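A closer look at the structure
Listed below are the residues making up each chain.
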Amino acid sequence: PVPLSSVVPIPVSATATSGVTHTLTAATKIYAQSGSTPASDIGGYLAAILRPSTGLPLPVVPAPNSAPADGIALLLTGAPAAVGAQGYQLDITAANVTLRANQPAGLFAGVQTLRQLLPPAVESTTVQPGPWEIAGGHIVDYPRFGYRGAMLDVARHFFGVAAVRRYIDQLALYKVNYLHLHLADDQGWRIAINSWPNLAVYGGSTAVGGGPGGYYTQADYSGLVAYAASRYITIIPEIDMPGHTNAALASYAQLNCNGVAPPLYTGTNVGFSSLCVPLELTYTFIDQVIGELAALTPGPYLHIGGDEASSTTPADYTTFINRVQQIVAAHGKTVLGWHDVVHATPLPSTVAQFWGTTTTDSAVAAAAAAGTKVLMSPANRTYLDMKYRNNTRLGQKWAGLIDVNQAYGWNPGNYLGGVGETSVLGVEAPLWTETIRTTADIDFMAFPRLPAIAELGWSAYATHDLTVFKTRLGAQGPRWRVMGINYYHSTQVTWP
Ligand SMILES: CC1=[NH+][C@H]2[C@@H](O1)O[C@H](CO)[C@@H](O)[C@@H]2O
């Protein structure tokens, strides 16, 4: 069986019981906390993974009041308070597998660990020979940071619902719990807004390189929100502004200070566009866009971008960001922005997403000292669009080359001067898509680096060990092959 120590992210504590193995059989039942629809749904999710590969019936049934003596139990009772809302306790004996959590999200996280303790063949969609053995042991696990995210830029190149669902399923395996969708930029507007229909229809009609573009209907977007939620992932929509707005400005001439709509843009330059700050219509536009988006987004965050506003004067930038934060708050959402927003006046609840390549930033440090939370996305550590090596076909290298050592070899809790553990909300790995066009491209750039960022977000820093991590990461390779994930065989990792 797969050793307890192989899991990514590595659990806070895992003690193997030598000589003990639990084997799934035709008699195995999945017991879900009685009376809990989420627990039952998670049981169904687990069964949907295990049934095709094991060929076992694995019925999902309500758990009896006392812990079941056999099978796999998913319980919302008896978990230690220390595991919090996202953690779990997993006990594996010869007789049964008992997963306990305080909240359904914890059960879902524990199911990912359980999944990884089964042979990689368990990920197959066709029946594989067993035996289906799980190493005996005791795991108590919970995340270091509450926010462990990934960002997908669907503006430079558009990715349809199927591609995003696929990425969501991959993120779930590594306990990522936020997916930030970069929905609008110079090259494309990707979400239908009923009060401004041209944004998607015209502003979403192309992409980098002049391709056909595309956009999500509001039903598509709501479907993604629901699918992500079923994997305990919260969607965060981003409308980047005031810069990165050519698609919107091209869609409505009246949004432009000069009343003239620029042409659609299919290149990859940045910093040339700006919403018209002095124009009152701009804020009507933003209020209506944010209003529709907020109504479709159950999650707490709405990302307003704020990066690279080179065509907006500093004074206008401050005026704009300060006003837009109020609009977002009026719609009941908490503002997330690229860390440039600290040059305006961040609301106390506004989160600054650090994307710099330095380990010092005095403005961000000052904001943190004043209480601003920071989401760590240093571009030279977490940007999945960076090339692995100079000869990597895909990606860019403005922030430097990032292979596994670089992606894993840092501590989010003390990376940025003046931004200590209590100021760090968590980590996020952005994948910008100027050069990324297919799911195979997403796979190649996200794997194996995304699991490194996911581990930095979940695991205690006391467990941080590059050599041990790379052994565990390598052991994920056979699983990715079974899952059809087109991963980069980093030369820094030994791949079994
Ligand atoms: C926050 C941020 N703004 C820029 C920067 O990151 O680099 C990305 C490419 O790596 C680019 O796509 C993006 O528009």
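Reading the values: rules and limits
Residues numbered from 1 in each chain as written. Predicted model: local features only at pLDDT ≥ 70, side-chain atom pairs only at ≥ 80, totals over all residues. Heavy atoms only, no water. Helix = DSSP H or I, 4+ residues; strand = E, 2+ residues; numbered from the N terminus. Rg over C-alpha atoms; globule rule 2.2 N^0.38 Å. Buried < 20%, exposed > 50% of the residue type's maximum accessible area, 1.4 Å probe, protein only. Contact = heavy atoms within 4.5 Å. Areas by Shrake-Rupley, 256 points an atom, 1.4 Å probe, with all protein chains shown as cover. Lys, Arg positive; Asp, Glu negative; His and termini not counted. Charge placed at Lys NZ, Arg CZ, Asp CG, Glu CD. Near = heavy atom within 4 Å. Polar contact = N/O pair within 3.5 Å; in protein donor to acceptor, adjacent residues only side chain to side chain. Nonpolar A, V, L, I, M, F, W, Y, C, P; charged D, E, K, R; others polar. Pairing = 2+ DSSP bridges. Salt bridge = Lys/Arg side-chain N within 4 Å of Asp/Glu carboxyl O. Disulfide = S-S within 2.5 Å. Phe/Tyr/Trp six-rings, centres within 6.5 Å; stacked < 30°, edge-to-face > 60°. Lys NZ or Arg CZ within 6 Å of the ring centre and 35° of its normal. pLDDT = per-residue confidence, 0-100. Axes fitted to C-alpha atoms, helices over the stretch in contact; angles between N-to-C directions. Core = buried A, V, L, I, M, F, W, Y, C linked by side-chain atoms within 4.5 Å. Parallel < 35°, antiparallel > 145°, perpendicular 65-115°, else oblique. Left-handed = near helix turned anticlockwise from the far one by under 90°.

Brief notes about the overall build of the protein
Along its length, the protein carries 15 helices and 16 strands. Radius of gyration (C-alpha) of the protein: 23 Å, near the 23 Å computed for a compact globule of 496 residues. In terms of overall dimensions, the protein has C-alpha extents of about 75 × 40 × 40 Å along its principal axes. Burial analysis of the protein (496 residues in total) assigns 59% to the buried set. Long-range contacts, defined here as pairs at least 24 residues apart, represent 74% of the contacts in the protein between residues at least 6 apart. Here the protein has roughly 16600 Å² of accessible surface; of this, 57% comes from carbon and sulfur atoms. Charged side chains of the protein number 26 positive and 30 negative; the gap between the two group centres comes to 8 Å.

A closer look at the site of the ligand
In the vicinity of the ligand lie 13 residues, with Arg156, Asp307, Asp385, Trp398 and Glu434 positioned nearest. One nitrogen or oxygen atom from the side chain of Glu308 is found 3.2 Å from a nitrogen atom belonging to the ligand. If the ligand stood free it would expose 340 Å²; the protein chains cover 97% of that surface. Residues belonging to the shell around the ligand are distributed by class as follows: 6 nonpolar, 2 polar and 5 charged.

A look at the pairing of strand S5 (residues 88-92)
The element S5 is largely enclosed, with a buried count of 4 among its 5 residues. Sheet topology places S5 next to strand S7 (residues 133-141); 5 bridges connect them, and they run antiparallel. Bridge assignment links Tyr88 to a residue of S7, and that residue is Asp141. Bridge count between S5 and strand S6 (residues 96-100): 4 bridges; the pairing is antiparallel.

Quick notes on helix H12 (residues 439-446)
Most of H12 is tucked away, with 6 of its 8 residues classed as buried. Those residues of H12 lying buried are Asp441, Ile442, Asp443, Phe444, Met445 and Ala446. Buried positions along H12 lie against strand S8 (147-153), helix H3 (161-173), strand S16 (424-431) and helix H13 (449-458).

Focus: the pattern of salt bridges
Within the structure shown, the criterion is met by 11 salt bridges. Residue Glu421 pairs with Arg144 through a salt bridge whose shortest N-O separation is 2.7 Å. Of this pair, Glu421 sits in the loop between helix H11 (404-408) and S16 while Arg144 sits in the loop between S7 and S8, placing them 277 residues apart in sequence. Three or more residues are tied together by salt bridges with common partners; here these are Asp153, Arg156, Asp185 and Glu434.

Regarding the state of the cysteines
In the structure shown here, the tally under the stated rule is 1 disulfide. Across a sulfur-sulfur distance of 1.9 Å, Cys257 and Cys276 are joined as a disulfide pair. Taking the sign of the S-S torsion, 100° for the link of Cys257 and Cys276, the bridge is right-handed. Of this pair, Cys257 sits in the loop between helix H6 (246-251) and helix H7 (280-295) while Cys276 sits in the loop between H6 and H7, placing them 19 residues apart in sequence.

What about helix H14 (residues 466-474)?
Counting along an α-helix, one turn takes 3.6 residues, and residues three or four places apart therefore face a common direction. Looking only at H14, the buried set comprises Phe469, Lys470, Arg472, Leu473 and Gly474. Tucked inside the fold, the buried residues of H14 contact H11, H13 and helix H15 (477-483).

Notes on the packing of aromatic side chains
Within this structure, the stated rule accounts for 25 aromatic pairs. Geometrically, the ring pair formed by Phe444 and Tyr488 is edge-to-face, given 5.5 Å between the ring centres and 70° between the ring planes. With Phe444 in helix H12 and Tyr488 in the segment after H15, the pair connects residues that are 44 residues apart, well separated along the chain. One aromatic cluster in this structure is built from Tyr174, Phe447, Trp480, Tyr487 and Trp495. The ring of Tyr227 has Arg165 sitting right over it, with the charged end atom 4.0 Å from the ring centre. Across from the ring centre of Trp458, 5.5 Å away, lies the NZ or CZ of Lys175, which sits over that ring.

Some points on the confidence of the model for the protein
Should pLDDT be low for a region, the predicted coordinates there are not to be read in detail. Taken as a whole, the protein shows an average pLDDT of 98; of its residues, 100% reach a score of 70 or greater. Overall fold confidence (pTM) sits at 0.98, and the ipTM for the predicted complex is 1.00.

A word on the sheet that holds strand S3 (residues 60-62)
Strand order in the open sheet formed by 7 strands is S1-S7-S5-S6-S4-S2-S3, with mixed pairing between adjacent strands. Bordering the open sheet on either side are strand S1 (13-23) and S3, each of which pairs with just one other strand. Ignoring which end each strand starts from, the neighbouring axes of this sheet average 20° apart. The pairing of strand S2 (residues 30-32) with strand S4 (residues 71-75) spans 3 bridges and is classified as parallel. Within S4, the residue paired with Ala32 across the bridge is Leu74.

Some words on the pairing of S6
Extensive coverage of S6 is indicated by the burial of 5 of its 5 residues. Here S6 shows a buried face lined by Asn96, Thr98 and Arg100 and a second buried face lined by Val97 and Leu99. Alignment of S4 against S6, held across 5 bridges, turns out to be parallel. What sits directly across from Ala73, in S6, is Thr98. Between the antiparallel neighbours S5 and S6 lie 3 residues.

As for the nonpolar core
If you look at the biggest cluster of nonpolar residues, it comprises 148 residues, and the most contacted ones within it are Tyr167, Leu179, Trp189, Phe285 and Ile286. Judged by nonpolar contacts, the second largest core, of 7 residues, contains Tyr178, Ile236, Leu336 and Leu375.

Considering the packing of H3 against H12
Viewed as axis vectors pointing N to C, H3 and H12 meet at an angle of 25°, and their least axial separation amounts to 10 Å. Judged by the angle between their axes, H3 and H12 are roughly parallel. Crossing of H3 against H12: the hand is right-handed. Only Thr439, Ile442, Asp443 and Ala446 of H12 make contact with H3, whose side of the interface consists of Ala163, Arg166, Tyr167 and Gln170. Of the residues in the contact of H3 with H12, the class split is 4 nonpolar, 2 polar and 2 charged.

Side note on the environment of Leu152
Within the secondary structure, Leu152 sits in strand S8. Residue class for Leu152 comes out buried when judged on its relative accessible area of 0%. Separated by 28 residues in sequence, Leu152 and His180 place their C-alpha atoms 6.4 Å apart. When residues no more than four places from it in sequence are discounted, the contact partners of Leu152 are Phe159, Val164, Tyr167, Leu179, His180, Leu181, His182, Leu431, Thr433 and Ile442.

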